[in-house]
Amino acid sequence: MTIVYDDEPDADEIPVRRIRFTINGAKKVAEVEPRLLLAHLIRQGLKLTGTHTGCDTTNCGACTVLVDGKPVKSCTMLAVQVDGHEITTVEGLATASELHPLQEGFKEEHGLQCGFCTPGMMLAAKALLDHNPDPTEEDVRWALSGNLCRCTGYQNIVKSVLWAAEKLRS
Amino acid sequence: MYPSRFRYEAPRSLDEAITLLREGGDDAKVLAGGQSLVPLMKLRFASPELIVDINNLPGLDYHREDPDGTLHVGALCRHVDLERSELLKSKQPTMAAAAPLIADPIVRNRGTLVGSLCHADPQGDWASVALALGGSIVAHGLGGRRTIKVADFVTGPFQNVLEPDEIAVEAIIPAARGARAGGYLKLERRVGDFATVGVAVAIETSGDTVTRAGIALTGVGGSTIGATAAAEALVGEPLTEQKIELAAQLAADVSRPRTDHRGSAEYKRHIVHTFVVRLLSRADGFAERAA
């Protein structure tokens, strides 16, 4: 994997570190400059563009990914910090033949309109369901309160997550 | 947005971290949860030349209580750990109330209480909670450790008394001598916003009598405000309606809110009063139930 830098006068001085990590089950080695953000490693380095950068200011949650199973805002973590850790992005939810119940739920319950916030919503929801397989509506709203959606009014997103919870339990 | 260029080190021991910080001097910053520092670096409000990431330091992710009731919160204890803590729910009502109100659920997975105290944002919620509870910070440096009262720790917005080669390794909340009561109320426009107004109340009672009281205010001044006179008015007496009203008035008087997009100064001062009354009325109920 290559990340290309502009050839600046001090290009030889750029501190580059080699990191090893797992993303969606695949082991990777990357050479990254410490100031590279995790969101940029994922989108530009790994070309996994399902992770969206929305506000870029730690507010909206569109860039949410799981690091060791916990949702984090990937615009607010340095790529070097995932050395030795495991990342899940929205691309890691479905298998080759089957959608993840959360993805099915968003389809069934019309949980998206423009879809920009959806990957972050799904990963925040996945972390909730991993921790609490039988959440109340209130639990779902609470768990998604760090993720902003400007289309849906949240109603159908909450329904989608509850749909997925039920499917996963059955 | 991305930060300006810096050198990154992730030491495995505290000694190594201290040595690195000593090398870096004023141009070095400690990275714990990074939920305040990284956004500031992206906006180029902070451009440290050296980042010392302490996330690989072993044994700092604890929060535990000594047999005497003193609470210790390690530098890598995340907000989410405190939000889910049974210990806090049963023993620390003010902290248990504040933990779920810090930022948003995703930020709480990374951010830390100690980091938040060090960051010294005048809008920080934990600073009020720690101040109301009479907490301290333990700083680890080459010369050993020193304990600094939260009240003496912050010198101004985003400034604290740590030396460049010191790391805040834990926060300490002293043991209660009586039954603990209190809470934290935060008015926010939406989840994740800074407090329009935050009020922390921590009291201890013995029988009917209040034996210790702390009240601190978030978002209504250029720094966290300790409402000392309000708290002192409660000590040595039972919590009566008149006492609660007096404390609320004194707390509102000491607030220095500014009119801004979150509300008018008058509105914010009114909310301080309302929150103090609510928290103390609840505390009174708590004392009755405990008796």
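About the criteria used
Residues numbered from 1 in each chain as written. Chains lettered and ligands numbered in written order. Predicted model: local features only at pLDDT ≥ 70, side-chain atom pairs only at ≥ 80, totals over all residues. Helix = DSSP H or I, 4+ residues; strand = E, 2+ residues; numbered from the N terminus. Rg over C-alpha atoms; globule rule 2.2 N^0.38 Å. Buried ≥ 20, exposed ≤ 12 C-beta atoms within 10 Å, placed from the backbone. Pairing = 2+ DSSP bridges. Axes fitted to C-alpha atoms, helices over the stretch in contact; angles between N-to-C directions. Contact = placed C-beta atoms within 7 Å. Parallel < 35°, antiparallel > 145°, perpendicular 65-115°, else oblique. Left-handed = near helix turned anticlockwise from the far one by under 90°. Nonpolar A, V, L, I, M, F, W, Y, C, P; charged D, E, K, R; others polar. Domains from an automatic or database assignment. Core = buried A, V, L, I, M, F, W, Y, C linked by C-beta atoms within 7 Å. Expected span 1.5 Å × (residues − 1).

**Remarks on the overall build of chain B**
Here's step 1: From N to C terminus, chain B includes 12 helices and 14 strands.
Here's step 2: In summary, chain B has a C-alpha radius of gyration of 19 Å against a globular reference of 19 Å for 291 residues, a match within 12%.
Here's step 3: Referenced to the eigenvectors of the C-alpha coordinate spread, the extents of chain B come out at roughly 60 × 45 × 30 Å.
Here's step 4: Within chain B, buried positions represent 52% of all 291 residues.

**Quick word on the sheet that holds strand β3 (residues 50-53) of chain B**
All names here are of chain B.
Here's step 1: Judged by pairing direction, the sheet is parallel, and its three strands sit side by side in the order β1-β3-β2 without closing on themselves. Both edges of this open sheet fall to β1 (7-9) and β2 (28-31), since each of them pairs with a single strand only. Across the sheet, the mean angle separating the axes of adjacent strands is 20 degrees when strand polarity is ignored.
Here's step 2: Against the sheet, helix α1 (residues 14-24) engages β1, β2 and β3, with an angle of about 165 degrees to β3.

**Notes on the packing of helix α3 (residues 118-131) of chain A against helix α5 (residues 155-169) of chain A**
All names here are of chain A.
Here's step 1: Running from N to C, α3 and α5 point in directions that differ by 40 degrees, and their axes come no closer than 11 Å. If you check the angle between α3 and α5, you find them oblique. Considering how the two elements wind past one another, α3 and α5 form a crossing that is right-handed. Contact with α3, carried on its side by Met 121, Ala 125 and Leu 129, involves Ile 157, Val 161, Ala 164, Ala 165 and Leu 168 of α5 and no other residues of that element.

**A look at the interface of chain B and chain A**
Here's step 1: Facing the 22 residues of chain B at the interface are 24 residues of chain A.
Here's step 2: Of all the secondary structure elements, the ones that give two or more residues to the side of chain B that touches chain A are β1, α2 (37-42), β3 and α6 (105-108) of chain B.
Here's step 3: The element contributing the most residues to the side of chain B that touches chain A is α6(B), with three residues.
Here's step 4: Tallied by class, residues from the side of chain B that touches chain A come to 12 nonpolar, five polar and five charged.

**Some remarks on the domain arrangement of chain B**
Interfaces are often sized by the accessible area lost when the parts come together.
All names here are of chain B.
Here's step 1: When cut into domains, chain B gives domain 1 (7-53), domain 2 (63-173) and domain 3 (179-290).
Here's step 2: Computed over C-alpha atoms only, the centres of domain 2 and domain 3 are separated by 20 Å.
Here's step 3: Each partner contributes to the interface: domain 2 provides 23 residues, whereas domain 3 provides 24 residues.
Here's step 4: Those elements giving two or more residues to the side of domain 2 that touches domain 3 turn out to be α5 (93-98), α8 (125-132) and β8 (154-156).
Here's step 5: Class assignment of the residues belonging to the side of domain 2 that touches domain 3 gives a composition of 15 nonpolar, five polar and three charged.

**What about unusual backbone geometry?**
Here's step 1: For Tyr154(A), which is not a glycine, the phi torsion comes out positive at approximately 75 degrees.
Here's step 2: Among the structural elements, Tyr154(A) can be located in the loop between α4 (137-143) and α5.
Here's step 3: Classification of Tyr154(A) by C-beta neighbours within 10 Å gives partly exposed; the count is 18.
Here's step 4: The backbone phi angle of Arg44(B) is positive, close to 65 degrees, even though this residue is not glycine.
Here's step 5: Checked against the element boundaries, Arg44(B) lands in the loop between α2 and β3.
Here's step 6: Given 11 C-beta atoms within 10 Å, Arg44(B) falls into the exposed group.

**Regarding the nonpolar core**
Soluble, globular proteins show a tendency: their nonpolar side chains are buried together.
Here's step 1: Residues Ala125(A), Leu117(B), Val201(B), Ile215(B), Ala247(B), Ala251(B) and Val276(B) are the most contacted members of the largest nonpolar core, which totals 141 residues.
Here's step 2: Ranked by residue count, the leading element in this core is α3(A), at eight residues.
Here's step 3: Contacts of Ala125(A), omitting those with residues within four sequence positions, involve Leu102(A), Ala143(A), Leu144(A), Val161(A) and Ala164(A).

**Quick word on the domain arrangement of chain A**
All names here are of chain A.
Here's step 1: Taken domain by domain, chain A comprises domain 1 (11-92) and domain 2 (101-169).
Here's step 2: The C-alpha centroid of domain 2 is placed 23 Å from the C-alpha centroid of domain 1.
Here's step 3: Each partner contributes residues to the interface: domain 1 has 17 residues there, and domain 2 has 13 residues.
Here's step 4: For the side of domain 1 that touches domain 2, the elements supplying multiple residues, two or more each, are β3 (64-67) and β4 (70-73).
Here's step 5: A total of three residues in the side of domain 1 that touches domain 2 trace back to one element, the largest contributor, which is β3.

**Overview of the packing of helix α2 (residues 101-108) of chain A against α5(A)**
Residues and elements named next belong to chain A.
Here's step 1: Direction vectors running N to C along α2 and α5 enclose 135 degrees, while the axes themselves pass 8 Å from each other. In this view, α2 runs oblique relative to α5, as classed from their interaxial angle. The handedness of the crossing between α2 and α5 comes out as right-handed. Contacts between α2 and α5 involve Pro 101, Leu 102, Glu 104, Gly 105, Phe 106 and Glu 108 from the former and Ser 160, Val 161, Trp 163, Ala 164, Lys 167 and Leu 168 from the latter.
Here's step 2: A class-by-class count of the residues in the contact of α2 with α5 yields seven nonpolar, two polar and three charged.

**Some remarks on helix α11 (residues 241-254) of chain B**
Here's step 1: Between the first and last C-alpha of α11(B) there are 20 Å, a value that for 14 residues agrees with the 20 Å anticipated at 1.5 Å per step.
Here's step 2: Looking at α11(B), one finds that the buried residues are Ile244(B), Ala247(B), Ala248(B), Leu250(B), Ala251(B) and Ala252(B).

**Remarks on α8(B)**
Here's step 1: Burial runs high along α8(B): eight of the eight residues are buried.
Here's step 2: At the exit of α8(B) stands Gly134(B), carrying a positive phi of roughly 70 degrees.

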